[in-house]
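These are the residues of each chain, in order.
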Amino acid sequence: MMTSPCAPSALRPYWLVALKGHRQLQQPEAVEEALAALLRTLSVEIQGTLVGVSSIAPGADTLFARTVLGMSLPWRALLPVPVAELRQDFSAADWALRERLLARAIEIEIRGTVRDRHEARLECGMDTVDQADLLIAVWDGEPAPATGGTADIVAYARGLGKPLILLHPETLE
């Protein structure tokens, strides 16, 4: 039996909700609570399944991954360099947390090269925006201190006209 081309699909849509944000947060618990509240609101407002996308950088990216997984939503990891190289950036305890997150990722994608870490972060951040249906940025509104910082990614998303939610890490507005 053939279905009409106008018949609604039985497949549920997926919405890629990506996050880029600051590494240094003065109120990490409050930011994590704000992210959870935002994701709960989006889950109600958006028809379909939310899929989180982020890196495992310290700060907002890791908080987002934990929040997404804590809500039993799928999570994809986009990494700026290969896992073996990235591991060198973390203490053993910090890496153990990231290993647990990566073990629960539905996909791990490497988007940069080791040649230049800042360029790799920028490339990974731009790919994150390109893939996302919506970008959440935990950003204080200040310029990026180095290439590939949150300000660069927000500017790129704005240039594409990508739907964007800004969350200030201190005021939580």
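**Quick look at the packing of helix 5 (residues 117-131) against helix 6 (residues 150-160)**
Across the interface, helix 5 lies against helix 6 with an axial gap of 10 Å and an inter-helix angle of 35 degrees. Read as a crossing pair, helix 5 and helix 6 show a hand that is right-handed. The segment helix 5 lies against helix 6, with Leu-122, Gly-125, Met-126, Val-129 and Asp-130 engaging Asp-152, Ile-153, Tyr-156, Ala-157 and Leu-160. For the contact of helix 5 with helix 6, the per-class residue count stands at seven nonpolar, one polar and two charged.

**Re the nonpolar core**
By size, the foremost hydrophobic cluster in this structure holds 33 residues, and its most contacted members are Val-17, Leu-35, Leu-42, Phe-64, Trp-75, Ile-136 and Val-138. When contributions to this core are tallied by element, the ones reaching two or more residues are strand 1 (14-21), helix 1 (28-45), helix 2 (60-70), strand 3 (75-79), helix 4 (92-103) and strand 5 (134-138). If you tally residues by element for this core, the top one is helix 2, at six residues. One finds Leu-122, Cys-124, Leu-135 and Ala-157 within the second-largest nonpolar core, a separate group that totals 12 residues.

Cut-offs applied
Residues numbered from 1 in each chain as written. Predicted model: local features only at pLDDT ≥ 70, side-chain atom pairs only at ≥ 80, totals over all residues. Heavy atoms only, no water. Axes fitted to C-alpha atoms, helices over the stretch in contact; angles between N-to-C directions. Helix = DSSP H or I, 4+ residues; strand = E, 2+ residues; numbered from the N terminus. Left-handed = near helix turned anticlockwise from the far one by under 90°. Contact = heavy atoms within 4.5 Å. Nonpolar A, V, L, I, M, F, W, Y, C, P; charged D, E, K, R; others polar. Core = buried A, V, L, I, M, F, W, Y, C linked by side-chain atoms within 4.5 Å. Buried < 20%, exposed > 50% of the residue type's maximum accessible area, 1.4 Å probe, protein only.

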